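Residue-level listing of the chains:
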Amino acid sequence: MQIATWNVNSLTVRLPQVLDWLAAHPVDVLALQELKLTDDKFPLAALQAAGYHAAVFGQKTYNGVALLARSPLRDVVRNIPGFDDEQARVIAATIDTPGGALRLVNGYFVNGQAPGSDKFAYKLRWLAALHDWLRTELAQHPRLVLLGDFNVAPEDRDSYDPEGLRGTIHHTPEERAHFQSLLALGMADAYRLFEQPEKSYSWWDYRMLGFQKNRGLRIDHILLSDALRGHASACTIDRAPRKNPQPSDHAPVVVTLAE
DNA sequence: ATGACGGTGTGGCACCGA
């Protein structure tokens, strides 16, 4: 089975591209971030016609996340339980697979703007709350996938300019420590389970020909719990949609699980 | 140090993203 994540930067604008991509890549699960629309504007009929069930947590203008799956989604949770949050950033759900129940946690992690800002403090609090909640989720759901736009470049090799951007947002030691503490719960970065091309990124700035110059960051991730990591057979970033007219600034990441 | 690009909102631009 295949599981993918894609920050679409407005589902209203990107829906045709999402439908095209799903037609070409009929993944079992697609986690979407930055819907930028409310639940009543969610294009449920079009996605159902494409063969997907959906669980949605929308918001006007900013944020908004959804899970699409070929099988029904149950036990849906919106945002981090116990963490008071005005912003729609997390949706979790369970699907049943031949190998057993699979828990999916889709996150649009806080950007954080700049170290020292209020938004950065919110990012660190959010990351800590996610970590604490995931400990209990993993205990209840050993077969768990945490995926989405993490807004963290975990290592220097995940940035086009690790020296020039050292200490800036996405690159700070605090953010990277939080990423490592998620792994320490018993999860693996699926992309790094496999040999990958150098300078692999999942996001490129719209400005300054970022994509054409491959000035990007790898900030969209799929983490597999220890019970799942042995089942992974591939993980790739699909750069093709970034070449579309009116692209999202992010590319989809896809993991293949043998089962 | 700044802005560049793109999306949204009720706009004549500002704000935000990463």
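Residues numbered from 1 in each chain as written. Chains lettered and ligands numbered in written order. Predicted model: local features only at pLDDT ≥ 70, side-chain atom pairs only at ≥ 80, totals over all residues. Heavy atoms only, no water.

### Looking at the nonpolar core
For step 1, the next point in the chain: I3, L104, V145, L224 and V255 are the most contacted members of the largest nonpolar core, which totals 33 residues.
For step 2, the next point in the chain: Those residues in contact with L104, other than ones at most four positions away along the chain, are I3, V29, L67, L73, I91, A92, A93, I95 and V145.
For step 3, the next point in the chain: Counting 24 residues, the second largest nonpolar core, distinct from the first, contains A92, L144, L182 and L185. (Core = buried A, V, L, I, M, F, W, Y, C linked by side-chain atoms within 4.5 Å. Buried < 20%, exposed > 50% of the residue type's maximum accessible area, 1.4 Å probe, protein only. Contact = heavy atoms within 4.5 Å.)

### Digging into the sheet that holds strand β4 (residues 65-69)
For step 1, the next point in the chain: With mixed pairing, 6 strands are arranged side by side in an open sheet as β3-β4-β2-β1-β14-β13. The strands lining the two open edges of the sheet, one partner per strand, are β3 (53-57) and β13 (232-237). Each strand of the sheet is rotated relative to its neighbour by a mean of 10 degrees, with strand direction disregarded.
For step 2, the next point in the chain: Note: β13 against strand β14 (residues 253-257), 5 bridges, orientation antiparallel. When the sheet's bridge partners are listed, A232 is paired in β14 with L257. (Pairing = 2+ DSSP bridges. Helix = DSSP H or I, 4+ residues; strand = E, 2+ residues; numbered from the N terminus. Axes fitted to C-alpha atoms, helices over the stretch in contact; angles between N-to-C directions.)

### Re the pattern of salt bridges
For step 1, the next point in the chain: Applying the stated criterion to the full structure yields 13 salt bridges.
For step 2, the next point in the chain: Among the salt bridges present, the one from D75 reaches R74, with a minimum N-O distance of 2.9 Å.
For step 3, the next point in the chain: According to the relative accessible area criterion, R74 is partly exposed, its value standing at 34%.
For step 4, the next point in the chain: One salt bridge connects D158 with R192, and the closest N-O pair in it is separated by 2.7 Å. Of this pair, D158 sits in the loop between β8 (144-149) and α4 (173-184) while R192 sits in the loop between β9 (187-189) and β10 (203-204), placing them 34 residues apart in sequence.
For step 5, the next point in the chain: A cluster of three or more residues bridged by salt bridges with shared partners is formed by D156, E163, R166 and R176. (Salt bridge = Lys/Arg side-chain N within 4 Å of Asp/Glu carboxyl O.)

### Section: the packing of aromatic side chains
For step 1, the next point in the chain: Scanning the entire structure with this criterion turns up 5 aromatic pairs.
For step 2, the next point in the chain: Residues W204 and F211 carry aromatic rings whose centres are separated by 4.9 Å and whose planes lie at 90 degrees to one another, so their mutual orientation is edge-to-face. Neither W204 nor F211 differs from the other in exposure class; each is buried.
For step 3, the next point in the chain: Here a set of aromatic residues connected by ring pairs shows up, and it is made of F109, W126, F150 and F179. (Phe/Tyr/Trp six-rings, centres within 6.5 Å; stacked < 30°, edge-to-face > 60°.)

### Considerations on the protein's contact with DNA strand B
For step 1, the next point in the chain: The immediate surroundings of DNA strand B are formed by 24 residues, with S10, E34, N111, H170 and R207 found nearest.
For step 2, the next point in the chain: Between R14 and DNA strand B, the recorded distance is 3.2 Å, taken from a side-chain N or O atom to a phosphate oxygen.
For step 3, the next point in the chain: Within the contact set of DNA strand B, a phosphate oxygen lies 3.0 Å away from a side-chain nitrogen or oxygen of N151.
For step 4, the next point in the chain: Counted by class, the surface near DNA strand B contains 8 nonpolar, 9 polar and 7 charged residues. (Near = heavy atom within 4 Å. Polar contact = N/O pair within 3.5 Å; in protein donor to acceptor, adjacent residues only side chain to side chain. Nonpolar A, V, L, I, M, F, W, Y, C, P; charged D, E, K, R; others polar.)

### Considering the environment of A139
For step 1, the next point in the chain: Tracing the sequence through the fold places A139 in helix α3 (residues 118-140).
For step 2, the next point in the chain: For A139, a relative accessible area of 65% corresponds to the exposed category.
For step 3, the next point in the chain: Considering only alpha carbons, one finds A139 and L217, 78 residues apart in sequence, at a separation of 31 Å.

### Some words on the UniProt feature "domain: Endonuclease/exonuclease/phosphatase" (unreviewed entry) in chain A
For step 1, the next point in the chain: Summarizing the sequence annotation, UniProt attributes the feature "domain: Endonuclease/exonuclease/phosphatase" (unreviewed entry) to residues 4-250 in the numbering used throughout.
For step 2, the next point in the chain: Secondary structure content for residues 4-250 is 24% helix and 27% strand, while the C-alpha to C-alpha distance between its ends is 13 Å. (UniProt positions renumbered as here; feature names shortened; annotations may be inferred.)

### Remarks on the packing of α3 against α4
For step 1, the next point in the chain: In the contact formed by α3 and α4, the axes pass within 10 Å of each other and the chain directions differ by 10 degrees. The pairing of α3 with α4 is recorded here as roughly parallel in orientation. Each of F120, K123, L124, L127, A128, L130, H131 and L134 in α3 lies in contact with α4, whose residues at this interface are E174, E175, H178, S181 and L182. (Parallel < 35°, antiparallel > 145°, perpendicular 65-115°, else oblique.)

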